[in-house]
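# Fold and contact review
For reference, the chains in residue letters:
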Amino acid sequence: MTITWNDAAREWHLANGRTSWVLRVLENGWIGLLHAGAPLAPGPSYRHLGPASFEGYDNRVNEPVGLALPGPGIGDFRIPALVVENPDGSTVLDPRYVGHRILAGKPPLPGLLPATYVEDPAEADTLEIDVRDEPTGVEVTLSFSIFRDRPIVARSMRIANAGAARVVVRMAMSATLDLPDADWTLITLSGTWARERSVVERALVPGFQGVGSLRGGSGAEHNPFVALRRAATTEDAGEAWGVALAWSGNFLAEVDVDAHATTRLRIGIHPDAFAWPLEPGASFTTPEALLAWSGEGLGGMSDALHGLLRERMARGPWRDRPRPILLNNWEGTYFDFDHRRIVEMAKAAKAMGIELFVLDDGWFGRRDKDDRSLGDWIVDRRKLPHGLEALAAEVRGLGLQFGLWIEPEMVNADSDLFRAHPDWAIGIPGRRRTESRQQLVLDMANPAVVDHLAEAIGSVLASAPIDYVKWDWNRFITEPYSPTLPAARQDEFFLRYNLGMYDLYERLVTRFPHILFESCASGGARFDAGLLAWAPQAWTSDDTDAVERLKIQWGTSLAYPLSSMGAHVSAVPNHQTGRLAPIDFRAAVAMFGVFGYELDPTAMEAAELEAVRHQVAFYRERRDVFQYGRFLRLRSPFKGDGNEAAWMSVTADGSRGVAAHYRVLQRPMPVRNRLLLRGLDPAARYEVTAWSSFDAPLGTFERGGDELMRVGLGIEPQDPLPAGAWADGVRIVRSDFRARLFDLRRL
Ligand code: DGJ
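Residues numbered from 1 in each chain as written. Predicted model: local features only at pLDDT ≥ 70, side-chain atom pairs only at ≥ 80, totals over all residues. Heavy atoms only, no water.

### Some remarks on the overall build of the chain
Per the secondary structure count, the chain includes twelve helices and 40 strands. At 27 Å, the chain has a C-alpha radius of gyration in line with the 27 Å of a compact globule built from 747 residues. On the principal axes, the C-alpha backbone points of the chain span a range of 75 × 65 × 40 Å. Going through the 747 residues of the chain one by one, you find that 63% of them count as buried. Total accessible area on the chain is roughly 25500 Å²; 52% of this is exposed by carbon and sulfur atoms. (Helix = DSSP H or I, 4+ residues; strand = E, 2+ residues; numbered from the N terminus. Rg over C-alpha atoms; globule rule 2.2 N^0.38 Å. Buried < 20%, exposed > 50% of the residue type's maximum accessible area, 1.4 Å probe, protein only. Areas by Shrake-Rupley, 256 points an atom, 1.4 Å probe, with all protein chains shown as cover.)

Now the structure itself:
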């Protein structure tokens, strides 16, 4: 058991040797959080780390108070975890200990809430603590699951109305985390469409600081993940917390630093535009938050989250399977294609070594432009006269898998679906509907809409041999409202929308278990831990420019594993930036993730096609490294002038790896530059093969793991040598956009 209960001290200790959480029943019945983070020896009492009780806020001077369920109105003036409107209109919450259970394993969350799971009860233990607000009868169960081999605690909370009158949950955080000092830097992954998940850092200051989304989806602007690190924390040393929310809708991640320099972090459903009435006997469960603590830097934090999300959040047959190398026609054709053109592209793709052909937007209704036909999931016979089945069969006959784009949650005003069911599009009677990308969002809070979509999309997926689905979502929600909810329950809308979306995923994934689902929301606007439960990979960004992707993939990797990141090579000039980067540079960036192409292969020169064949062969041979390896960040594109980046990936058994160094712009007289690798066995010898293009290696040499990690690889020459000369066995290439890959094999 990783969870112990000390009856005399009334103390719990969750400990697995990698992290510890110590909680205690205070004398007044509140649940104190004495410690969270670094591993402590189980056994002794740690009650000296917290107060005995809490009778008034003056006690807090010089005495940091950690609470597991801070409620409002009772003298803890920091941000609360739970706000319930009581029958008398007040929101005071005084939750006192009732009892607890320690369970082997991890019970699932109710309904459709995505959550991490165990395959064997020995993988985790769960502590459930019941507290009660006596005057109202509001009962809360706080849940803490500690994974045996991971420095992670999963948290959620269930609020039950055991009183006699209705109450309203106004705010319910999935987790709060009280830390006894404020010497932290907050990291958020922020940006917008096409530049998602930039690493933004700020040292904590007194007051509130945080990010969130009120867009109806987790959004491209801020990710439902935050980290805290010490000033001295690096990629491989020092303390860090990573906190991810398994939820795809509105969220809040916020830190409050109080006057005594204690830190409270909270994460959960955004309390704005949210309320959940509870009749007597009813209950509400929050989504799950994952709290990873690392004493081994940001890299240790990412390792922990990557492993958990990849192995125990993702589900289904595709969880551990090699993901196919795909070619998507979107940037190659946009809406302008027909059966013949797609087959020609598929043939060319096959000749390149591609494994999966994906037909993107434009195959249904009369979708020649983005202002029409969303909702009409019937094949457009003008473009595809033989139907989807014949097209899929022909593509599959070439030896490729066949994939299809859908955007089920949307509708255009110009569609048969909208004409038949205008009330299915989100909007408020008597008010203008805000359009975006000329489309409206369907009311996924309406079960009839979800039923219809399960049928309509299910028919499409059953109509042809489809191996893969790309599930898009191209606008946010405005004028939130569902006619299916009474006026007093409209604040449930956003949450019900997300549950409706999850319901549709669940039905389709259950009906078509063989299909690999990739989530997409204009690229990366719904890249969150929750969706990974149904779609184990996500289209990372619509920005396919390799220089931009260095930042996007680096930022994304703070929380999310390589197996979840779709990354494609596209044509030049790049459609988002106009940049002209060589194709091998583009591939060297896209290879770190689930690799593919997003272009028209029939328009490529012979030399480029040849380059692609080599790239595909290179990736295929190392797919395990690129998709399921341990990803280690080496040099940040967010540091300095951003001209360089480097990262690497190593298989779980350490036998193979690939390290990559990227230099955006060439400078004359390069300064000496050595790249220190990580994650290798210092006692082992490695065969290192350097590549710049993928047709032939630049050279092979042998090095010790100790040298590679402590002295590093020479990636720039010491002196200006003539072109073609070698340093560390690596030829100098003078050009902008230079990637250098080092293939590592343990000898
Ligand atoms: C946005 C996606 O991110 C693109 O890849 C593409 O599928 C378009 N939508 C299609 O409308």
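Now that the structure has been shown, we can carry on.
### Notes on the site of the ligand
As a matter of local geometry, the ligand sits amid 13 residues, with Asp360, Asp361, Lys470, Asp472 and Asp542 nearest to it. Between a nitrogen atom of the ligand and a side-chain N or O atom of Asn474, the distance comes to 3.3 Å. In isolation the ligand exposes 290 Å². Once the protein is present, 98% of that is buried. When grouped by side-chain class, the residues that make up the shell around the ligand number four nonpolar, three polar and six charged. (Near = heavy atom within 4 Å. Polar contact = N/O pair within 3.5 Å; in protein donor to acceptor, adjacent residues only side chain to side chain. Nonpolar A, V, L, I, M, F, W, Y, C, P; charged D, E, K, R; others polar.)

### Overview of the packing of aromatic side chains
The geometry of an aromatic ring pair is captured by the separation of the ring centres together with the interplanar angle, meaning the angle of the planes. Under the counting rule described, the total for this entry stands at 37 aromatic pairs. On the numbers, 4.9 Å between centres and 80° between planes, the contact of Trp330 with Tyr334 is edge-to-face. For Arg230, the ring lying beneath its charged end belongs to Trp184, and the centroid distance is 3.7 Å. Note that Arg622 overlies the ring of Phe618, its terminal NZ or CZ placed 3.7 Å from the centroid. (Phe/Tyr/Trp six-rings, centres within 6.5 Å; stacked < 30°, edge-to-face > 60°. Lys NZ or Arg CZ within 6 Å of the ring centre and 35° of its normal.)

### Concerning the nonpolar core
Ranked by size, the top nonpolar core spans 202 residues in total, and within it Trp363 and Tyr662 carry the most contacts. No other element matches the nine residues that helix 7 (residues 493–511) contributes to this core. Filtering out sequence-adjacent residues up to four positions away, Trp363 remains in contact with Phe337, Trp377, Ile378, Val379, Asp380, Leu384, Leu388, Leu404, Trp405, Ile406 and Val460. (Core = buried A, V, L, I, M, F, W, Y, C linked by side-chain atoms within 4.5 Å. Contact = heavy atoms within 4.5 Å.)

### Describing helix 8 (residues 546–556)
For helix 8, the tally of buried residues reaches nine of eleven residues, placing the bulk of the element in the interior. By the burial criterion, the buried members of helix 8 are Ala546, Val547, Arg549, Leu550, Ile552, Gln553, Trp554, Gly555 and Thr556.

### Observations concerning the side chain of Ser218
By the element assignment, Ser218 lies in the loop between strand 13 (207–213) and strand 14 (222–229). A relative accessible area of 1% places Ser218 in the buried class. At 2.7 Å, the side chain of Ser218 and the side chain of Asp528 are in polar contact. Contacts of Ser218, omitting those with residues within four sequence positions, involve Ser213, Pro224, Trp247, Ser248, Gly249, Phe251, Ala525, Arg526, Phe527 and Asp528.

### Section: the packing of helix 9 (residues 583–590) against helix 10 (residues 606–621)
Remark: helix 9 packs on helix 10, axes separated minimally by 10 Å, with the N-to-C direction vectors making an angle of 25°. Here helix 10 runs roughly parallel to helix 9, going by the angle between their axes. Where helix 9 crosses over helix 10, the handedness of that crossing is right-handed. Judged by residue contacts, Ile583, Asp584, Arg586 and Ala587 of helix 9 engage Glu608, Ala611, Val612 and Gln615 from helix 10. Classifying every residue of the contact of helix 9 with helix 10 by side-chain character gives four nonpolar, one polar and three charged. (Axes fitted to C-alpha atoms, helices over the stretch in contact; angles between N-to-C directions. Parallel < 35°, antiparallel > 145°, perpendicular 65-115°, else oblique. Left-handed = near helix turned anticlockwise from the far one by under 90°.)

### Comments concerning the packing of helix 3 (residues 339–352) against helix 4 (residues 387–397)
Relative to each other, helix 3 and helix 4 sit at 20°, their axes nearing to 10 Å. The angle between helix 3 and helix 4 falls in the class roughly parallel. Helix 3 and helix 4 meet at a crossing whose hand is right-handed. Of the residues in helix 4, those in contact with His339, Ile342, Val343 and Ala346 of helix 3 are Ala390, Leu391, Glu394 and Val395. Of the residues in the contact of helix 3 with helix 4, the class split is six nonpolar, one polar and one charged.

### Observations regarding the sheet that holds strand 28 (residues 537–539)
Spatial ordering of the closed barrel is given by 21-22-23-26-27-28-29-30, a layout of eight strands whose pairing is parallel. The average undirected angle you get between the axes of adjacent strands in this sheet is 30°. In the sheet, strand 21 (residues 326–328) pairs with strand 22 (residues 356–359) via three bridges, with the strands oriented parallel. When the bridges of strand 22 are listed, Leu327 appears paired with Phe357. Across the face of the sheet, helix 3 comes into contact with strand 21, strand 22 and strand 30 (594–598) while running at roughly 150° to strand 22. (Pairing = 2+ DSSP bridges.)

### Quick word on the sheet that holds strand 33 (residues 656–663)
What the six strands build is an open sheet, ordered 31-32-33-40-35-36; its pairing is antiparallel. Every interior strand has two partners, whereas the edge strands, strand 31 (630–635) and strand 36 (699–704), have only one. Between one strand axis and the next, the sheet turns through 20° on average, direction left out of account. Strand direction decides the pairing type here: strand 31 and strand 32 (residues 644–650), joined by five bridges, are antiparallel. Its bridge partner lying in strand 32, Arg633 is registered against Trp647.

### Quick word on the confidence of the model for the chain
Low pLDDT marks stretches whose predicted atomic positions should not be read closely. Considering every residue of the chain, the mean pLDDT works out to 95; 96% of them sit at 70 or more. For the chain, the element scoring lowest by mean pLDDT is strand 38 (residues 726–727), at 53; strand 20 (residues 288–294) scores highest, at 99. Throughout residues 718–723 the model reports pLDDT below 50, and contacts reaching past four residues in sequence, or to other chains, amount to eight contacts. (pLDDT = per-residue confidence, 0-100.)

### Thoughts on the pairing of strand 4 (residues 31–37)
Burial runs high along strand 4: seven of the seven residues are buried. Pairing geometry for strand 3 (residues 20–25) and strand 4, over six bridges, is antiparallel. Note on strand 4: the bridge partner recorded for Arg24 is Gly32. Between the antiparallel neighbours strand 3 and strand 4 lie five residues, among them Gly29 with a positive phi of about 95°.

### Observations concerning helix 1 (residues 297–312)
In this model, helix 1 (16 residues) spans 22 Å end to end at C-alpha, consistent with the 22 Å of a helix rising 1.5 Å per residue. For helix 1, the buried fraction is high: 14 of the 16 residues fall into the buried class. (Expected span 1.5 Å × (residues − 1).)

### Some remarks on unusual backbone geometry
At the junction of Val572 and Pro573, the peptide bond is cis and its omega measures out at -5° in the coordinates. Tracing the backbone through its elements, the reader meets Pro573 in the loop between strand 29 (565–570) and helix 9. One non-glycine residue, Ala194, lies in positive phi territory at about 70°. Tracing the chain through its elements places Ala194 in the loop between strand 11 (185–192) and strand 12 (195–203). In the Ramachandran plot, Tyr334 falls in the positive-phi region, its phi being about 50° despite a non-glycine side chain. Mapped onto the fold, Tyr334 is located in the loop between helix 2 (330–333) and helix 3.

### Focus: the pattern of salt bridges
In this structure the tally under the stated criterion is 61 salt bridges. Among the ionic pairs, Arg230 bridges to Glu239, the shortest N-O distance being 3.0 Å. With a shortest N-O distance of 2.7 Å, Glu492 and Arg496 are connected by a salt bridge. What you see here is one network of salt bridges that share partners, running through Glu119, Glu123, Arg312, Arg319 and Asp320. (Salt bridge = Lys/Arg side-chain N within 4 Å of Asp/Glu carboxyl O.)

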